[in-house]
Amino acid sequence: MNAPPLQPEAIAWLQERWGSAAPDVGVVLGSGIQLLDDDFHEEDRVCVSEIPSLPEPTVEGHGGYWIRYRFGEKKILVVGGRVHLYEGYAADEVTMGVRVLAGLGTSSLLLTNAAGGIREGFTPGMVVAISDHIQLQGVSAMMATLEHHVESDRLSIYDSAWLDRTRTRYQMSCTDSLQQGTYAALTGPTYETPTEIVMLRKFGADLVGMSTVLEALAARDAGMKVLGFSLVTNLAAGISGKKLNHQEVLDVGKNSQKRMLQIVRAAIESID
Ligand code: HPA
């Protein structure tokens, strides 16, 4: 089996435009989430369709721009235009943006997503740090590069030291405490059935969504440090008895920008 392509054309194209200094952190934003804050200074943006060989998103809410920001001394690259398995893309395509980030020399990655809340108390508008995940999408981000098994240090996907620093910093300025939980990734595009949510809860899942896990695995495989945050946009299927819809996910995303932004900020300030 061949290793996933490294996308040298995309890397060269971005370095031509932005120079060879590596971003300090890459940020992948979930449905409806944007970095709207005066302290993030936008330096440049490019449409995903301009970057050679990157797949283009087809879903509303996943804005298709890569945006360079400066935040204090830090160089941030926001990777818009996340693509998903449910759009018909393969694992290699879903993880291409992350591998391009790694190729640019980025050492830290922040992943955000919209998720359904499974654990009691995980209600719409809350932001939850991902402490671990359950991969139920039936594909691997790394199958092509690994012989038989992963080394044990790969087992901790989400960086607990970085998360501890982020939590401390976040709680210095905000009264709510930053909760953490296990994220289960399914392929979608249909939301789960109530019985699937009962099963996921028994498996130990606190959150459910359709993204993030392949990107986190690819980033760890490339040696990056990873943090993930879920914005709970709805109670998972069957919990409230209400029908789920994508517009609700986008609306909660927009209305909870501030909390997500504060956490993203705290995480960026806590990079060592
Ligand atoms: N299930 C799966 N993905 C999601 C959900 C959900 O309830 N909410 C937002 N993304």
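Every chain is numbered on its own, with residues counted from 1 as its sequence reads. Local features in a predicted model are, by the rule used here, given only for residues with pLDDT of at least 70; side-chain atom pairs are given and counted only at 80 or more, and totals for whole chains, interfaces and linings are based on all residues. Only heavy atoms go into the side-chain values, all of them from the structure, while hydrogens and water stay out.

This brings us to the overall build of the chain. Counting from the N terminus, the helices are DSSP H or I runs at least four residues long and the strands are E runs at least two residues long. Assigned secondary structure in the chain consists of eight helices and nine strands. Each radius of gyration is computed over the set of C-alpha atoms, and the globule rule expresses the reference value as 2.2 Å times the number of residues to the power 0.38. A globule of 272 residues ought to have a C-alpha radius of gyration of about 19 Å, and the chain, at 18 Å, matches this closely. Projected onto its principal axes, the C-alpha positions of the chain cover 50 × 45 × 35 Å. When burial is assessed residue by residue, the chain has 53% of its 272 residues classed as buried. Looking at the chain alone, contacts between residues at least 24 apart form 82% of all its contacts between residues at least 6 apart. Note on classification: 1.4 Å probe, protein chains only; a residue is buried when its accessible area is under 20% of the maximum for its type, exposed when over 50%, partly exposed between these limits. Throughout, a contact is declared for two residues whenever any of their heavy atoms are within 4.5 Å.

Here, a salt bridge means any side-chain nitrogen of Lys or Arg that lies within 4 Å of a carboxyl oxygen of Asp or Glu. In total, this model carries 15 salt bridges according to the counting rule given. In this structure, R265 engages E269 in a salt bridge whose closest nitrogen and oxygen atoms are separated by 3.8 Å. In this pair, R265 and E269 are both assigned in helix α8 (residues 257-269), four residues apart and thus about one turn of the helix distant. Residues joined by salt bridges that share partners form a network here, namely D39, R169, R265 and E269.

On to unusual backbone geometry, then. Most peptide bonds take the trans configuration, and most residues that are not glycine carry a negative phi. Cis geometry is found at the peptide bond from G188 to P189, where omega equals 0°. With respect to the secondary-structure elements, P189 resides in the loop between β7 (179-185) and α5 (194-203). For S53, which is not a glycine, the phi torsion comes out positive at approximately 65°. With phi around 75°, T212 is a residue other than glycine that occupies positive phi space. Along the chain, the position of T212 falls in the loop between β8 (207-209) and α6 (213-221). With a relative accessible area of 1%, T212 lands in the buried category.

Put simply, a residue is near a molecule or strand once any heavy atom of it comes within 4 Å of that molecule or strand. In the vicinity of the ligand, the contacting residues are A114, A115, G116, Y191, E192, V208, G209, M210, T233, N234, L244 and V249. Polar contact criterion, stated in full: a pair of N or O atoms within 3.5 Å, where within protein one must be able to donate a hydrogen and the other to accept it, and residues adjacent in sequence count only if both atoms are side-chain atoms. E192 has a polar side-chain atom sitting 2.8 Å from a nitrogen atom of the ligand. The side chain of N234 places a nitrogen or oxygen atom 2.7 Å from a nitrogen atom of the ligand. Of all the secondary structure elements, the ones that give two or more residues to the shell around the ligand are β5 (108-117), β8 and β9 (225-235).

Here we come to α6. Burial runs high along α6: eight of the nine residues are buried. All buried positions along α6 are accounted for by V213, L214, E215, A216, L217, A218, A219 and R220. A positive phi of about 85° marks G223, the residue just after α6.

Burial within helix α3 (residues 96-103) is extensive, with six of its eight residues counted as buried. Of the residues making up α3, those classed as buried are M96, G97, V98, R99, V100 and L101. Within two residues after α3, G105 carries a phi angle of roughly 95°, on the positive side.

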